[in-house]
Amino acid sequence: MKEFDLEKARSGAEVITKLRKKAKILLFNRSNKTFPLVVILENKNVYYYTEEGKFYKDKPSDNDLIMKL
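Residues numbered from 1 in each chain as written. Predicted model: local features only at pLDDT ≥ 70, side-chain atom pairs only at ≥ 80, totals over all residues. Heavy atoms only, no water.

A. Molecular detail of the overall build of the protein chain. A tally of regular secondary structure across the protein chain gives one helix and six strands. For 69 residues, the compact-globule estimate of 2.2 N^0.38 gives 11 Å, and the C-alpha radius of gyration of the protein chain, at 11 Å, lies within 12% of that figure. Each principal axis of the C-alpha distribution contributes one length, and for the protein chain these read about 30 × 25 × 25 Å. For the protein chain, the accessible surface area stands at approximately 4800 Å², while carbon and sulfur atoms represent 46% of it. Placing the 15 positive and 10 negative side-chain charges of the protein chain at their respective mean positions leaves the two points 4 Å apart. (Helix = DSSP H or I, 4+ residues; strand = E, 2+ residues; numbered from the N terminus. Rg over C-alpha atoms; globule rule 2.2 N^0.38 Å. Areas by Shrake-Rupley, 256 points an atom, 1.4 Å probe, with all protein chains shown as cover. Lys, Arg positive; Asp, Glu negative; His and termini not counted. Charge placed at Lys NZ, Arg CZ, Asp CG, Glu CD.)

B. How the structure looks around the packing of aromatic side chains. In total, this model carries three aromatic pairs according to the counting rule given. Measuring from centroid to centroid gives 5.0 Å for Phe55 and Tyr56, while their planes differ by 85 degrees, and the two rings are edge-to-face. On the accessibility criterion, Phe55 (16% relative accessible area) is buried. Linked through ring pairs, Tyr47, Tyr49, Phe55 and Tyr56 together constitute an aromatic cluster. Taking NZ or CZ as reference, Arg30 lies 3.7 Å from the ring centre of Tyr48, over its face. (Phe/Tyr/Trp six-rings, centres within 6.5 Å; stacked < 30°, edge-to-face > 60°. Buried < 20%, exposed > 50% of the residue type's maximum accessible area, 1.4 Å probe, protein only. Lys NZ or Arg CZ within 6 Å of the ring centre and 35° of its normal.)

C. Representation of the environment of Glu42 in the model. Looking at the secondary structure, you find Glu42 in the loop between strand S4 (37-41) and strand S5 (45-49). For Glu42 and Lys21, which are 21 residues apart along the polypeptide, the C-alpha to C-alpha distance reads 6.1 Å.

D. Geometry of the pairing of strand S3 (residues 22-27). Judged from the two bridges that link them, strand S2 (residues 15-17) and S3 form a sheet pairing that is antiparallel. Pairing of Ile16 across the sheet is with Lys22, part of S3. With antiparallel pairing between neighbouring strands as the criterion, S2 and S3 make up a hairpin whose turn holds four residues, including Arg20 at a positive phi of roughly 70 degrees. Pairing between S3 and S4: four bridges, direction antiparallel. (Pairing = 2+ DSSP bridges.)

E. Up close: the environment of Asn29. On the secondary structure map, Asn29 appears in the loop between S3 and S4. Asn29 sits in the exposed class, given a relative accessible area of 59%. Considered as a pair, Asn29 and Glu51 are 22 residues apart in the sequence and their alpha carbons are 9.3 Å apart.

As structure tokens, this is what we get:
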């Protein structure tokens, strides 16, 4: 598992969730300080993430983002 890297993601590197779901970052600068990333998972649902790729601000989740190897 390779930790999420915001700069690499901005440059176009592929990201997935810890459960290996395909993730695509649609927006990096949503006007929300806590959850500025807008991400679509498996081309179905849209979610909001922290800049660290976290699904929840204060606890780990299987939906957290990681870099695809």
